[in-house]
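Summary of structural features
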Amino acid sequence: MISEAMAGASALKTAFDMAKALKDISDAAIRNGAVIELQEKILSAQEAQFALVKRVDDLEKQVASFEAKGSQMQRYQLKDYGAGSFAYELKESEARGEPIHRACAACYQQGHISILQFSHNTEGQDWYECKRCNNMHHFGTRVPRTYSRTKTDYF
Ligand SMILES: [Zn+2]
């Protein structure tokens, strides 16, 4: 972007110098050649300006996108679901009609909100799947099953 700005400024400076020199050229053919060269310099400066305007527009859109994403991320807070199992949860104050849900902590750390989908419960833990990173996440304290077989289990 700096090089585009420098090229545009340089082309304008050259065009300005050429325009000043035009008045001293008495030969019509030489003056016409200088006018054509001057027009080329002006076009070059305009192209550099258009490139800069487009770049500024792209950057403004990028900033707006980052701001929207940051605002969306602020709607969640990290929550401990027990035994060091963490996920981000939609804040009640930020729900705006959405049900409270969990978002994958790993994806959140990478700047993405991925809603966790409940899979199943086993041994006291709730298992959720992240559709973005395809990981299963368990929440809560594991309560191992105790097996006690009685004679009736076999019939
Ligand atoms: Zn994930």
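Residues numbered from 1 in each chain as written. Predicted model: local features only at pLDDT ≥ 70, side-chain atom pairs only at ≥ 80, totals over all residues. Heavy atoms only, no water.

Describing the coordination of the zinc ion
Within the first shell, the zinc ion binds the protein through Cys104 (SG), Cys107 (SG), Cys130 (SG) and Cys133 (SG), at distances of 2.2 to 2.4 Å. For the zinc ion, the four donor atoms in the first shell make angles of 99 to 116° at the metal, so the coordination geometry reads as tetrahedral. Between consecutive donors of the zinc ion, the numbers of intervening residues give the motif C-x2-C-x22-C-x2-C. One end of the pair, Cys107, is in helix H3 (residues 105-109); the other, Cys130, is in strand E5 (residues 125-130), with 23 residues separating them in the sequence. (Donors = N, O, S within 2.8 Å, 3.2 Å for Na, K, Ca; no water. Tetrahedral: all angles 85-135°; square planar, octahedral: opposite > 155°, others 65-115°. Helix = DSSP H or I, 4+ residues; strand = E, 2+ residues; numbered from the N terminus.)

Describing the packing of aromatic side chains
Taken as a whole and judged by the stated rule, the model has four aromatic pairs. Relative to Phe139, the ring of Tyr81 lies with its centre 5.1 Å away and its plane at 65°, an arrangement referred to as edge-to-face. You can see Tyr81 sitting in the loop between strand E1 (76-80) and strand E2 (86-90) and its partner Phe139 sitting in strand E6 (residues 136-139), a full 58 residues away along the chain. Taken together, a centroid distance of 5.4 Å and an interplanar angle of 75° make the contact between Tyr128 and Phe139 edge-to-face. (Phe/Tyr/Trp six-rings, centres within 6.5 Å; stacked < 30°, edge-to-face > 60°.)

Details of the sheet that holds E2
Read across the open sheet, the three strands follow the order E1-E2-E3; overall the sheet is antiparallel. The open sheet terminates on both sides in strands that have one partner only, identified here as E1 and strand E3 (102-103). Of the strand pairs in this sheet, E2 and E3 are connected by two bridges, and their pairing is antiparallel. Directly across from Tyr88, in E3, lies its bridge partner Ala103. (Pairing = 2+ DSSP bridges.)

Details of the pattern of salt bridges
Scanning the model with the defined rule gives nine salt bridges in all. Of the charged contacts, one joins Glu94 and Arg96 as a salt bridge, the two residues approaching to 2.8 Å between their closest N and O atoms. Among the residues examined, Glu94 registers a relative accessible area of 23% and is labelled partly exposed. (Salt bridge = Lys/Arg side-chain N within 4 Å of Asp/Glu carboxyl O. Buried < 20%, exposed > 50% of the residue type's maximum accessible area, 1.4 Å probe, protein only.)

A short note on the domain arrangement of the protein chain
Once the domains are mapped, the protein chain shows domain 1 (2-68) and domain 2 (74-139). The centre of domain 1, based on its C-alpha atoms, is set 53 Å off from the matching centre of domain 2. (Domains from an automatic or database assignment.)

Focus: the sheet that holds E5
Two pairing modes exist for strands in a sheet, parallel and antiparallel, and in both the strands are linked by backbone hydrogen bonds. Reading across from one edge, E4-E5-E6 is the order of the three strands in this open sheet, with antiparallel pairing throughout. Bordering the open sheet on either side are strand E4 (116-122) and E6, each of which pairs with just one other strand. Within this sheet the neighbouring strands show an average axis-to-axis angle of 30°, counted without direction. (Axes fitted to C-alpha atoms, helices over the stretch in contact; angles between N-to-C directions.)

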